[in-house]
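The lines below spell out each chain.
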Protein chains: 2
Amino acid sequence: MNGRAGGPVTIGAMESSSTTPGGSARREATRQKLYEAAVTLIAEQGFSATTVDEIAERAGVAKGTVYYNFASKSVLFEELLRHGVGLLTASLREAAERTAREGGSRVDALDAMIRAGLVFIDRYPAFTQLYVAELWRTNRAWQSTLLVVRQQAVAVVEDVLREGVANGEFSEEIDVPLTAAALVGMVLVAALDWQSFQPERSLDEVHAALSRLLQGRAGGHR
Amino acid sequence: MNGRAGGPVTIGAMESSSTTPGGSARREATRQKLYEAAVTLIAEQGFSATTVDEIAERAGVAKGTVYYNFASKSVLFEELLRHGVGLLTASLREAAERTAREGGSRVDALDAMIRAGLVFIDRYPAFTQLYVAELWRTNRAWQSTLLVVRQQAVAVVEDVLREGVANGEFSEEIDVPLTAAALVGMVLVAALDWQSFQPERSLDEVHAALSRLLQGRAGGHR
DNA sequence: GTTTTTGAACTGACTGGTCAGTGCAAAAAC
DNA sequence: GTTTTTGCACTGACCAGTCAGTTCAAAAAC
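Let us look at the structure shown here. (Residues numbered from 1 in each chain as written. Chains lettered and ligands numbered in written order. Predicted model: local features only at pLDDT ≥ 70, side-chain atom pairs only at ≥ 80, totals over all residues. Heavy atoms only, no water.)

1. Some thoughts on the overall build of chain A
In step 1: Along chain A, the regular secondary structure elements total 9 helices and 0 strands.
In step 2: Taken from the N to the C terminus, the helices and strands of chain A come in the order α-α-α-α-α-α-α-α-α.
In step 3: Relative to its 222 residues, chain A shows a buried fraction of 57%.
In step 4: Carbon and sulfur atoms make up 52% of the accessible area of chain A, which amounts to about 9,400 Å² in all. (Helix = DSSP H or I, 4+ residues; strand = E, 2+ residues; numbered from the N terminus. Buried < 20%, exposed > 50% of the residue type's maximum accessible area, 1.4 Å probe, protein only. Areas by Shrake-Rupley, 256 points an atom, 1.4 Å probe, with all protein chains shown as cover.)

2. Some words on the nonpolar core
In step 1: Residues Leu118(A), Leu161(A), Leu210(A), Leu118(B), Leu161(B), Met186(B) and Leu210(B) are the most contacted members of the largest nonpolar core, which totals 151 residues.
In step 2: No other element matches the 14 residues that helix 8 (residues 176-197) of chain A contributes to this core.
In step 3: If sequence neighbours within four positions are ignored, Leu210(B) has contacts with Ala182(A), Ile114(B), Leu118(B), Met186(B), Val187(B) and Ala190(B). (Core = buried A, V, L, I, M, F, W, Y, C linked by side-chain atoms within 4.5 Å. Contact = heavy atoms within 4.5 Å.)

3. Details of the protein's contact with DNA strand D
In step 1: If you check the shell around DNA strand D, you find 18 residues, and the closest are Lys63(A), Thr30(B), Ala62(B), Gly64(B) and Thr65(B).
In step 2: Considering DNA strand D, the proportion of its atoms within 4 Å of the protein that are sugar or phosphate atoms stands at 73%.
In step 3: At a separation of 3.0 Å, a phosphate oxygen of DNA strand D approaches a polar side-chain atom of Lys73(A).
In step 4: Breaking the surface near DNA strand D down by element, the ones donating at least two residues are helix 3 (63-69) of chain A together with helix 1 (25-45) and helix 3 (63-69) of chain B.
In step 5: If you tally residues by element for the surface near DNA strand D, the top one is helix 3 of chain B, at 4 residues.
In step 6: Taken together, the residues of the surface near DNA strand D sort by class into 5 nonpolar, 8 polar and 5 charged. (Near = heavy atom within 4 Å. Polar contact = N/O pair within 3.5 Å; in protein donor to acceptor, adjacent residues only side chain to side chain. Nonpolar A, V, L, I, M, F, W, Y, C, P; charged D, E, K, R; others polar.)

4. Comments concerning the pattern of salt bridges
In step 1: Evaluation of the coordinates by the stated rule reveals 26 salt bridges over all chains.
In step 2: For Lys63(A), the salt bridge goes to Asp53(A), with nearest N and O atoms at 3.5 Å. Pair noted here: Lys63(A) is in helix 3 and Asp53(A) is in helix 2 (residues 52-59), with a separation of 10 residues, a long-range link.
In step 3: Among the ionic pairs, Asp204(B) bridges to Arg115(B), the shortest N-O distance being 2.2 Å. Of this pair, Asp204(B) sits in helix 9 (residues 203-214) while Arg115(B) sits in helix 5 (residues 106-123), placing them 89 residues apart in sequence.
In step 4: The class for Asp204(B) is partly exposed, based on a relative accessible area of 48%.
In step 5: Taken together, the shared-partner salt bridges in this structure form one network comprising Glu158(A), Asp159(A) and Arg162(A). (Salt bridge = Lys/Arg side-chain N within 4 Å of Asp/Glu carboxyl O.)

5. Considering the relation of the copies chain A and chain B
In step 1: For the pair chain A and chain B, the best superposition has an RMSD of 0.2 Å and corresponds to a rotation of 180 degrees with a translation of 0.1 Å parallel to the axis. Here the two chains are linked by the operation of a two-fold rotation axis. (Least-squares fit on C-alpha atoms with pLDDT ≥ 70 in both.)

6. Focus: the protein's contact with DNA strand C
In step 1: Taken together, 17 residues are adjacent to DNA strand C, and Thr30(A), Thr65(A), Lys63(B), Tyr67(B) and Lys73(B) come closest.
In step 2: Expressed as a percentage, the sugar and phosphate content of the atoms of DNA strand C within 4 Å of the protein is 67%.
In step 3: The side chain of Asn69(A) places a nitrogen or oxygen atom 3.2 Å from a phosphate oxygen of DNA strand C.
In step 4: Here a phosphate oxygen of DNA strand C and a side-chain polar atom of Tyr67(B) are 2.8 Å apart.
In step 5: Looking at the surface near DNA strand C, the elements that each hand over two or more residues are helix 1 (25-45) and helix 3 of chain A together with helix 3 of chain B.
In step 6: Examining the composition of the surface near DNA strand C, we find that 4 residues originate from one element, helix 3 of chain A, more than from any other.
In step 7: Tallied by class, residues from the surface near DNA strand C come to 5 nonpolar, 8 polar and 4 charged.

7. Structural notes on the interface of chain A and chain B
In step 1: Counting residues at the interface gives 58 residues for chain A and 58 residues for chain B.
In step 2: Taking both partners together, chain A and chain B bury about 5,000 Å²; carbon and sulfur atoms supply 59% of that area.
In step 3: On inspection of chain A and its partner chain B, the count reaches 12 residue pairs in polar contact (both at pLDDT 80 or more).
In step 4: Secondary structure elements with two or more residues in the side of chain A that touches chain B: helix 1, helix 6 (125-135), helix 7 (143-166), helix 8 and helix 9 (203-214) of chain A.
In step 5: At 14 residues, the largest contribution of residues to the side of chain A that touches chain B is made by helix 8 of chain A. (Buried area = accessible area lost by both parts, 1.4 Å probe.)

Everything listed is a geometric property; what it means functionally is a separate question.
Right under this line is the structure:
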């Protein structure tokens, strides 16, 4: 019943994390199942249109279990958000560090992060959908959670840009926050478009197109 | 009560259009009010979380009037989408044509379209929010409408890219559909981020940052 | 024996959609 | 030029259905 093909869409792992320090293994497994059920349903239908009964049914647990494990539908959603973005930032940071370790330039680091972003989106398309759909809303309960979560992800990109400016690799004229936002947006939207409207393309093709754009070989080839 | 400052957020004008060929002036005015009310509410809360009562109240009409003018809540939303994207594509196309008329290159055309996109988003932030939030959802009633509407907007960008490849201005290696999607995404996300998280920046600053990125002056300055 | 899950019943608030009826400006009848 | 009729646009109370969240006794897992 997964809109998209592919194996189990595990959003979790990410160790026990801050969510519940002393959760038993069994409980953690139940939460995991609930995350997975919730992420796909909410991505498809949106938060409000998704019922708790649906989530419980898809996770294969009783409705009471949802409320035994989470205080409310909103809380379940917020913890899900934190969970997923933790994974993403870890993956981005890892890519940047690996590049640095291997003596690559900052452009190489950005390129590696683009790929890491694409891999993440390819693996957890539902999470990405849901994130984009909710990020720019206003007046919602979890607005503050989203703000933190966004800052975490964008900060990784900003760091690399700043390092590049510091070591002279990038022009000092670049606007770090805006450029970081634009880069994240480019990857996010290109990837979602790929998944939704051009699923026949390979990850490498998408990566190549974005890489070219990053290095300015689209506007005026040389 | 408009989340953002500024004058009346008229999404309409766009002449009588195809929606209702023989609508009376009064009726058209009512529909316009309903569009304006719906676009901000749905952008803030999402489609499902927005009630028809709310829309009616904000528009200053009775609930029955909504159903007198639109078959259902979904139909109101679909017509709203078509309405807004019509405006956007018209604006993008106009920018591209103006540039061509003035003898600019295709890069100039892309640049002009970026600015036109930013101006549009600045003027109708709610519509943009709503569009992004709903575009990549699956299994929704208006999925087909969105597909058409997206294709319209992206096609304008693709056309310019193709022309650029044809006249040798762009490398033949560029992947037109993917690059177009990435460009649109870059503008969309950068603009939304600007509005939501960096509202102190001016349109010119945002435009400059995106322009630089387009011309590759971010990755490897020259 | 303690923790976790189950599953079904229940509540109270809310929602999309309906419909009989109102207001009113222009046309028709006189 | 006054009265009557027409029908479009709008109204808002109402209804049937839905949903988040609660409760709890009993079973299952640990």
